[in-house]
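Understanding the architecture of this molecule
Spelled out, the chains give:
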Amino acid sequence: MSARGKARRRALDILFEAELRDQSATSVLAERVERAEPPVNEYTTTLVEGVHRNRARIDELISTYSEGWTLDRMPAVDRNLLRAGTYELLWADHVPEAVVISEWVHLASELSTDESPQFVNGLLARFKQLKPSLAL
């Protein structure tokens, strides 16, 4: 797994943990940075802080475009995969869109249900298509 792949996985872990503990993602991130075992990659910090900063808009987009699924009905892993993937796709312009989608779909196939990779792929691909017209 590439360094960025590991950073994405770690960001997902932090986002998931924050949701389960009902804490802000940035406070869980701060705990992980302080503990430094394992060290927190700079890109992990970028992803977690980006999701935290844009979470209301990200959740609005996911809710609007995920047909037949509310955020509450989604598995927590999928919710946080989509949050991080949406942030990276729409706000991290320095990463190729195809790479972003591929990486988050790969994590969905490793960590979630059999249907999750297709769901994550479909929604992120839709955001890629809509990106020029979305008000961010």
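Residues numbered from 1 in each chain as written. Predicted model: local features only at pLDDT ≥ 70, side-chain atom pairs only at ≥ 80, totals over all residues. Heavy atoms only, no water.

One can describe the packing of helix 3 (residues 42-65) onto helix 4 (residues 76-91) by two numbers: an axis separation of 7 Å at closest approach and a directional angle of 95°. Comparing the axis directions of helix 3 and helix 4 gives the class roughly perpendicular. (Axes fitted to C-alpha atoms, helices over the stretch in contact; angles between N-to-C directions. Helix = DSSP H or I, 4+ residues; strand = E, 2+ residues; numbered from the N terminus. Parallel < 35°, antiparallel > 145°, perpendicular 65-115°, else oblique.)

The next subject is helix 4. Under the 1.5 Å per step criterion, the end-to-end length of helix 4 is 22 Å for 16 residues, consistent within 8% with the ideal 22 Å. The buried fraction of helix 4 amounts to 15 of the 16 residues, a majority that puts the element mostly inside the structure. (Expected span 1.5 Å × (residues − 1). Buried < 20%, exposed > 50% of the residue type's maximum accessible area, 1.4 Å probe, protein only.)

Attention now goes to the pattern of salt bridges. Under the counting rule described, the total for this entry stands at 14 salt bridges. Residues Arg 9 and Glu 110 are paired through a salt bridge, measuring 3.1 Å at the closest nitrogen-oxygen approach. Of the two residues, Arg 9 is situated in helix 1 (residues 3-21) and Glu 110 in helix 5 (residues 97-111); the sequence distance between them amounts to 101 residues. Classification of Arg 9 by relative accessible area gives partly exposed; the value is 29%. In this structure, the salt-bridge partner of Arg 21 is Glu 31, at a minimum N-O distance of 3.0 Å. Of the two residues, Arg 21 is situated in helix 1 and Glu 31 in helix 2 (residues 25-35); the sequence distance between them amounts to 10 residues. Within the structure, one salt-bridge network assembled from shared partners comprises Glu 19, Arg 55, Asp 59, Arg 79 and Arg 83. (Salt bridge = Lys/Arg side-chain N within 4 Å of Asp/Glu carboxyl O.)

Look at helix 5: 21 Å from first C-alpha to last across 15 residues, which is about the 21 Å you get at 1.5 Å a residue. Taken together, the buried positions of helix 5 are occupied by Val 100, Ile 101, Trp 104, Val 105, Leu 107 and Ala 108. An end-on view of helix 5 places all buried positions within 155° of arc, on one side of the element. Where the residues of helix 5 are buried, they touch helix 1, helix 3, helix 4 and helix 6 (116-130). (Arc of directions from axis to C-beta. Contact = heavy atoms within 4.5 Å.)

This paragraph deals with the environment of Ala 25. Inspection of the secondary structure puts Ala 25 in helix 2. In sequence terms Ala 25 and Leu 15 are 10 residues apart; their C-alpha atoms lie 5.6 Å from each other.

Within a pair of aromatic rings, the relevant descriptors are the distance that separates the centres and the angle that separates the planes. Scanning all chains against the criterion turns up 3 aromatic pairs. Where Tyr 65 meets Phe 127, the ring centres are 5.9 Å apart and the plane angle is 85°; that geometry is what we call edge-to-face. With Tyr 65 in helix 3 and Phe 127 in helix 6, this pair connects stretches of sequence that are 62 residues apart. Judged by centre distance (6.2 Å) and plane angle (55°), the ring pair of Trp 69 and Phe 119 falls under tilted. In this pair, Trp 69 sits in the loop between helix 3 and helix 4 while Phe 119 sits in helix 6, placing the two residues 50 residues apart along the sequence. Its end group placed over the ring of Tyr 43, Arg 4 keeps NZ or CZ at 4.0 Å from the ring centre. (Phe/Tyr/Trp six-rings, centres within 6.5 Å; stacked < 30°, edge-to-face > 60°. Lys NZ or Arg CZ within 6 Å of the ring centre and 35° of its normal.)

According to UniProt, the positions carrying the feature "domain: NusB/RsmB/TIM44" (unreviewed entry) are residues 6-128. Between the end C-alpha atoms of residues 6-128 the distance is 23 Å, and the span holds 77% helix and 0% strand. (UniProt positions renumbered as here; feature names shortened; annotations may be inferred.)

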